[in-house]
Amino acid sequence: MDRRSLIKNAGIAGVLASGIAPAVHAQAAIRWRLASSFPKSLDTLYGGAEVFADRVKAMSGGKFDISTHAAGELMPAFGVVDGVQQGTVECAHTAPYYFFGKSEVFALGCAIPFGLNSRQMTAWMHEGNGLKLMREFYGKYNIVNFPAGNTGAQMGGWYRKEIKSVADIKGLKFRVGGFAGRVVERMGGVPQNIPGGEIYQALEKGTIDAAEWVGPYDDLKLGFHKVAQYYYYPGWWEVGPELDVFINKKAYEGLSSEYKAIVQAAAAEAHHHVQARYDARNPDALKQLVAQGSKLRAFPADVMNSAFKEAMALYNEIGTKNEDWKKIYADYSKFRQEENLWFQFTEASLDNFLQAQVKAKKL
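Thresholds applied
Residues numbered from 1 in each chain as written. Predicted model: local features only at pLDDT ≥ 70, side-chain atom pairs only at ≥ 80, totals over all residues. Heavy atoms only, no water. Helix = DSSP H or I, 4+ residues; strand = E, 2+ residues; numbered from the N terminus. Rg over C-alpha atoms; globule rule 2.2 N^0.38 Å. Buried < 20%, exposed > 50% of the residue type's maximum accessible area, 1.4 Å probe, protein only. Contact = heavy atoms within 4.5 Å. Areas by Shrake-Rupley, 256 points an atom, 1.4 Å probe, with all protein chains shown as cover. Lys, Arg positive; Asp, Glu negative; His and termini not counted. Charge placed at Lys NZ, Arg CZ, Asp CG, Glu CD. 1 Å grid on protein atoms, 1.4 Å probe; cavity = no way out; pocket = protein on both sides within 12 Å on 5 of 7 lines; lining within 4 Å. Points joined across faces, edges and corners; volume = space filled by probe spheres on them. Nonpolar A, V, L, I, M, F, W, Y, C, P; charged D, E, K, R; others polar.

Draft legend 1. Seen up close, the overall build of the protein. Scanning the protein from N- to C-terminus turns up 14 helices and 11 strands. Over its C-alpha atoms the protein spans a radius of gyration of 23 Å, differing by no more than 12% from the 21 Å that the globule rule assigns to 363 residues. Seen through its C-alpha atoms, the protein measures out along the principal axes to roughly 80 × 50 × 40 Å. The burial tally for the protein puts 50% of its 363 residues in the buried class. Summarising the internal contacts of the protein: among those between residues at least 6 apart in sequence, 78% fall at separations of at least 24. For the protein, the exposed surface amounts to about 16900 Å²; the carbon and sulfur share of it is 53%. Within the protein, one finds 42 positive and 38 negative side-chain charges whose respective centroids are separated by 2 Å.

Set out below in structure tokens:
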């Protein structure tokens, strides 16, 4: 053993002999509960909460233990914000736009029609003003948020009948997530806000005419192709929906600086895990759906144009009534404009070229 190693090992021995352990192991044991808005069957979405909890436990040497609970176990899927706000549970994993009924601003923390894509959303949160602005807003609900997942752009859902024009949206009973229903309603549709675990039965019984969830991997698991044959794209209302871990503010502030750092790191890992899993598993699932008879269709141009027009008009209207929205959307929309100006020269143009090669069977 050389002199340097001897000194190093002697130093470690001295630390251990003195009873001083690394800081994280000196922390008190903590037990939290996490309420998810998703069923366990959706390993991508519910799995994000599991990854978060597993990493917190591992990085804390087992001293910070978070038990994860699927929708309905501790509280309903759409009850988790109230649960965290009131301290019934310490944290939750959810899609913030589910709670647009409390304030439309919740949707800005997740996804709005024709909003930021997944990369742009992550950039706004971490390098723009997104996280700062959203935390100021969530503070009114006694919540501290951490981005913890993104599905990437989603599909446009399952329909019993073809959508040939915007006229086919009128009267359509459509299960569409959260805030997007406001735009569908302006187009003449009848939006339904139904948790993921209840969609199949509603579609099967004809309670609804159409439903969207996420994309091929989840949709195949949920079996929507068995009760509706037309599969539309793109999900213009789900360009880059972010999932969050919501933490009760008092519980979070009670953590040591080491535990706070662990929470941040664990949420970041969950964030990347969710999107990577979707990107890796959606292609094969789509092939399976088509092989089983699903009919892929693009939304007609007039549907896309109408949706865009109504979305922009809605955002302006909300800004006249909701000061939080006016403030945050101004920053969000400016960031979106700059990002899309940049993406048109890089991601968009290259993607268009590569997709053309795929269609020509050269790639």
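On we go.
Draft legend 2. Structural context of the layout of surface pockets. The volume enclosed by the largest pocket comes to roughly 1700 Å³. The wall of the largest pocket is formed by 42 residues, among which Ala153, Gln154, Pro234, Asp351 and Gln355 lie closest to the centre. Here the residues of the lining of the largest pocket sort into 19 nonpolar, 15 polar and eight charged.

Interpretation in functional terms is not warranted from these geometric data alone.
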